[in-house]
Amino acid sequence: MKNYVGRPTPLYFAKRLTESLGGAKIYLKREDLAHTGAHKINNALGQALLAKRMGKKRLIAETGAGQHGVATATGAALCGLECEIYMGSDDIARQSLNVFKMKLLGAEVAEVSVGSRTLKDAINEAMRDWTTNVATTHYVLGTVFGPHPFPTIVRDFQSVIGKEAKKQILDQEGRLPDYLIACIGGGSNAMGLFHQFIKDKDVNMIGVEAGGRGIVPGEHAARFAGGSVGILQGTKSFLLQDDDGNILGTHSVSAGLDYAAVGPEHSFLRDSGRVAYTYATDEEALSAFERLSRTEGIIPALESSHALAEAVKLAPGLSKDKVIIVNLSGRGDKDVQHVARIKGIEL
Amino acid sequence: MSRIEKKFREVLGRKGKAFIPYIMAGDPNLERTRELVGILEECGADVIELGVPFSDPLADGPTIQKAAQRALGEGVTLGKVIGFVGSLRKTTQIPIVLMTYYNLIFRFGEERFVREASAAGVDGIIVPDLPPDEAGSLLSFSKKTGFDVIFLVAPTSTGERIKKVARASRGFIYYVSITGITGSKLSVNASIGSHIAKIRQTSRKPVAVGFGIATPEEASEIAKIADGVIVGSAIVKRVEDADEKLKQYLISLRKAIG
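This text gives an overview of the structure that appears in the document. These numbers were taken from a predicted model, which means no experiment stands behind them.

**Some words on the overall build of chain B**
Right, on to step 1. Along the backbone of chain B there are 12 helices and nine strands.
Right, on to step 2. Compactness check: chain B gives a C-alpha radius of gyration of 17 Å against a globular reference of 18 Å for 258 residues, within 12% of the reference.
Right, on to step 3. Reported as C-alpha extents along the three principal axes, the dimensions of chain B are approximately 45 × 40 × 35 Å.
Right, on to step 4. Considering chain B as a whole, with its 258 residues, one finds that 58% of them fall into the buried category.
Right, on to step 5. The contacts of chain B with a sequence gap of at least 6 include a subset with a gap of at least 24, amounting to 72%.

Put into structure tokens, the structure is as follows:
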């Protein structure tokens, strides 16, 4: 992990961002600096090793933004396994860079053009493949979702984020943080950061979902703000669904958050009141994306920009001795073309 | 005894095997489904499996996925299908089982589902994403009304799992012929027979086999080792194509199954 992934990733005090907001101190957990550019590698390598140990020859995975696909393709290359990545055709269009990366790493990318043509349908197709090829294949599910024991496997592989962050903040501040903030698609980077702090009752935790264009059916992916309990892909959790139980379409500017369900442990943490869940809109996330780029020289992933958007809202109202850790779950290189398109700029 | 159990007893009593065709309710619309139920019965179906469309049918291949999309486009819901079966009961008493995914039943309410479906004349339900371990409440509601909940055994099921499924399943036990999804290519081989033998060691309930059975030859091979043969995607595809030879195909399946 140290020499290949680059762990521990730094916990960086974002001085200029903090000063520009005039409130609480903001630290960034720099998962964007991990190999392949996001926290996804922590889980992908762990599961690739599991697969090798189980004697499987082939890895499959779903991907939304492409980060988990790239991470799994990397794990497959490192372990000498075959690899096939399922990706919705809409996501292929908005994340073409990652598609090419996966191919460079030796993976096949299977286009999923059914249903909403995004992450949910990629998971369906990966599960169908897995049912068919279970004898030779391991399904590297990329988030804290799916049938047991995936939510716990993925959480445990990602919990390295929180373990490191806890040690680092104690080294730098001599105390625990007041707030942890992370974005939530399926919820793996958030579970990874939160897990180690669950028993530290003075640490507030905030999960940020994708508010898209607003909380109107089909225009967002905020399961707690606009969803209800249901069963999808082997898990009971909060879902965006219609009255009959069919799954609704979703929208988010970030492919990695564009998903109709959320990891079941997040539903538990929400019901128990331990974690607060909120959302950031596309516009707020894009604004945070630009703000971090300009104040700190760090281009964040659009997913992570949702967490940053919440920090931008929260920090000014807190005193200067308060401490916030934002999980900067991925870097924004993959999103640059997409953002240029949104701004009407031709590259 | 449920209508499904009676049917199996009657068919097996005359040394026959049950023919269980599957169609998607509301593909392309419920009026056509009504006609198709009539055709299936006329062509010798013993039990009809009626799919209820769900947006994310994990166990289904492309043919049935597309059928579900068409039916959803027609506005077909679980509630409408229950009402539809109720209206069919004026003209037919053939056993009808629904096949759908758990979220639809969960949203509808398990108790309400069993009550309304039984009252309408639905005989049972197959839920591929509901293992018996998670089916306690659905089973307890069903037992009271004699509604059959049918569970699936897969080629990867262990001896212990087979025992559990066989014990929980009512009406019949559904053996999935392949590791895979509906409409996949079937290879009829000795392992199907040995799995069915394993099921029979633990249970005397009828065993029907489905997934990937498309030709009369395959149906005939399966009928030699199972109590019932389920054909889905191959029929749904012919419905999609408005195949004029649908009846001939169904009759050839019926003859092959015996």
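**Section: the pairing of strand β8 (residues 207-210) of chain B**
The two faces of a sheet get side chains in turn, since along a regular strand they alternate between them.
Residue and element names in this part refer to chain B.
Right, on to step 1. Burial along β8 is two-sided: the residues V207 and V209 and A208 and G210 are all buried.
Right, on to step 2. Two elements, strand β7 (residues 173-176) and β8, share four bridges in a ladder whose sense is parallel. Residue pairing in the sheet places I173 in a bridge with V207 of β8.
Right, on to step 3. The pairing of β8 with strand β9 (residues 228-231) spans two bridges and is parallel. Of the residues in β9, the one forming a bridge with A208 is G228.
Right, on to step 4. Regarding the hand of the β-α-β motif, the stretch spanning β8, helix α10 (residues 216-225) and β9 is right-handed.

**A word on the environment of E49(B)**
Residue and element names in this part refer to chain B.
Right, on to step 1. Structurally, E49 can be placed in strand β2 (residues 48-51).
Right, on to step 2. On the basis of relative accessible area, E49 is assigned to the buried category, the value being 1%.
Right, on to step 3. Separated by 208 residues in sequence, E49 and I257 have C-alpha atoms that sit 17 Å apart.
Right, on to step 4. Excluding residues that lie within four positions of it along the chain, E49 makes contacts with I20, P21, Y22, I23, V97, M99, I126, Y174 and I230.

**So, the sheet that holds strand β6 (residues 137-139) of chain A**
Strand pairing in a sheet relies on backbone hydrogen bonds, with the paired strands running either antiparallel or parallel.
Residue and element names in this part refer to chain A.
Right, on to step 1. Pairing is parallel across the open sheet formed by four strands, whose spatial order is β5-β4-β3-β6. Across the chains shown, the open sheet's two edge strands, defined by having one partner strand only, are β5 (108-112) and β6. Between one strand axis and the next, the sheet turns through 25 degrees on average, direction left out of account.
Right, on to step 2. Each of β3 (58-63) and β4 (82-88) is contacted by helix α3 (residues 67-79), which is oriented at about 170 degrees to β3, the strand it contacts most.

**Some details on the environment of A71(B)**
Residues and elements named next belong to chain B.
Right, on to step 1. Among the secondary structure elements, A71 is positioned in helix α3 (residues 62-73).
Right, on to step 2. Looking at A71, the relative accessible area reads 0%, which means it is buried.
Right, on to step 3. Between the alpha carbons of A71 and L250 there is a distance of 22 Å; along the sequence they are 179 residues apart.
Right, on to step 4. Those residues in contact with A71 that sit more than four places away from it in its chain are M24, A25, G26, D27, P53 and V76.

**Digging into the interface of chain B and chain A**
Right, on to step 1. Across the boundary between the two partners, chain B contributes 19 residues, which contact 25 residues of chain A.
Right, on to step 2. With both chains or domains summed, chain B and chain A bury close to 1800 Å², and 51% of this area falls on carbon and sulfur atoms.
Right, on to step 3. Of all residues in chain B, the largest losses of buried area upon contact with chain A belong to D56(B), L58(B) and R107(B), amounting jointly to 35% of the total for that side.
Right, on to step 4. Viewed at the interface, chain A and chain B are joined by one salt bridge.
Right, on to step 5. At the junction of chain B and chain A, the tally comes to 14 residue pairs in polar contact (both at pLDDT 80 or more).
Right, on to step 6. Within the residue set of the side of chain B that touches chain A, elements represented by two or more residues are α3 and α5 (102-108) of chain B.
Right, on to step 7. When residues in the side of chain B that touches chain A are grouped by element, the largest group, five residues, is from α5(B).

**Topic: helix α8 (residues 160-173) of chain A**
Residues and elements named next belong to chain A.
Right, on to step 1. Here α8 spans 20 Å end to end across 14 residues, near enough to the 20 Å set by a 1.5 Å rise per residue.
Right, on to step 2. Among all positions in α8, only I161, G162, E164, A165, Q168 and I169 are buried. All buried residues of α8 project into a common sector of 160 degrees when viewed along the axis, lining one side. For α8, the exposed residues set more than 90 degrees away from the buried face come down to K167 and D171.

**A look at the pairing of β2(B)**
Residue and element names in this part refer to chain B.
Right, on to step 1. Residue alternation in β2 divides its side chains into two sets, I48 and L50 and E49 and G51, and both sets are buried.
Right, on to step 2. Here strand β1 (residues 18-24) pairs with β2 via three bridges, running parallel. Considered in β2, the bridge of Y22 is made with E49.
Right, on to step 3. The sheet contact formed by β2 and strand β3 (residues 96-99) spans four bridges and is parallel. From the neighbouring strand, L50 faces β3, where its bridge partner is L98.

**Overview of the sheet that holds strand β11 (residues 276-281) of chain A**
Residues and elements named next belong to chain A.
Right, on to step 1. With respect to topology, six strands assemble into an open sheet ordered β1-β2-β12-β7-β8-β11, the strand pairing being mixed. In this open sheet, the two strands that pair with only one neighbour each are β1 (11-13) and β11. The average angle at which neighbouring strand axes cross in this sheet is 30 degrees, direction not considered.
Right, on to step 2. Here six bridges tie strand β8 (residues 204-212) to β11, and the two strands are oriented parallel to one another. Following the sheet pairing, G207 is matched in β11 by Y277.
Right, on to step 3. Packing against the sheet, helix α12 (residues 282-296) makes contact with β1, β2 (25-30), β8, β11 and β12 (323-328), and its axis sits at approximately 85 degrees to β11.

**Regarding the packing of aromatic side chains**
Right, on to step 1. The final tally for this structure, using the stated rule, is 13 aromatic pairs over all chains.
Right, on to step 2. Between F224(A) and Y277(A), the aromatic rings sit 4.5 Å apart at their centres with planes inclined by 50 degrees, giving tilted as the arrangement. Within this pair, whereas F224(A) is found in helix α10 (residues 223-226), its partner Y277(A) is found in strand β11, the two being separated by 53 residues in sequence. Both residues of the pair, F224(A) and Y277(A), belong to the buried class.
Right, on to step 3. An aromatic cluster is present here, built from W130(A), Y139(A) and F150(A) joined pairwise through their rings.
Right, on to step 4. In this structure, K166(A) is placed above the aromatic ring of F197(A), and the distance from its NZ or CZ to the ring centre is 5.4 Å.
Right, on to step 5. Seen from the ring of F108(B), R112(B) lies directly overhead, with NZ or CZ sitting 3.8 Å from the centre.

**So, the packing of helix α6 (residues 110-120) of chain B against helix α7 (residues 136-145) of chain B**
Packed helices, taken two at a time, are described by their axes: the angle between them and the distance between them.
Residue and element names in this part refer to chain B.
Right, on to step 1. The interhelical angle for the contact between α6 and α7, taken along N-to-C directions, is 30 degrees, at an axis separation of 9 Å. Put simply, α6 runs roughly parallel to α7. Crossing angle aside, the handedness with which α6 passes α7 is right-handed. Residues E110, E111, F113, V114 and S118 of α6 form the contact with α7, whose participating residues are S137, L138, F141, S142 and T145.
Right, on to step 2. Tallied by class, the residues present in the contact of α6 with α7 amount to four nonpolar, four polar and two charged.

Thresholds, definitions, all that
- Residues numbered from 1 in each chain as written.
- Chains lettered and ligands numbered in written order.
- Predicted model: local features only at pLDDT ≥ 70, side-chain atom pairs only at ≥ 80, totals over all residues.
- Heavy atoms only, no water.
- Helix = DSSP H or I, 4+ residues; strand = E, 2+ residues; numbered from the N terminus.
- Rg over C-alpha atoms; globule rule 2.2 N^0.38 Å.
- Buried < 20%, exposed > 50% of the residue type's maximum accessible area, 1.4 Å probe, protein only.
- Contact = heavy atoms within 4.5 Å.
- Pairing = 2+ DSSP bridges.
- Right-handed = clockwise from strand over helix to strand, strands pointing away.
- Axes fitted to C-alpha atoms, helices over the stretch in contact; angles between N-to-C directions.
- Buried area = accessible area lost by both parts, 1.4 Å probe.
- Salt bridge = Lys/Arg side-chain N within 4 Å of Asp/Glu carboxyl O.
- Polar contact = N/O pair within 3.5 Å; in protein donor to acceptor, adjacent residues only side chain to side chain.
- Expected span 1.5 Å × (residues − 1).
- Arc of directions from axis to C-beta.
- Phe/Tyr/Trp six-rings, centres within 6.5 Å; stacked < 30°, edge-to-face > 60°.
- Lys NZ or Arg CZ within 6 Å of the ring centre and 35° of its normal.
- Parallel < 35°, antiparallel > 145°, perpendicular 65-115°, else oblique.
- Left-handed = near helix turned anticlockwise from the far one by under 90°.
- Nonpolar A, V, L, I, M, F, W, Y, C, P; charged D, E, K, R; others polar.

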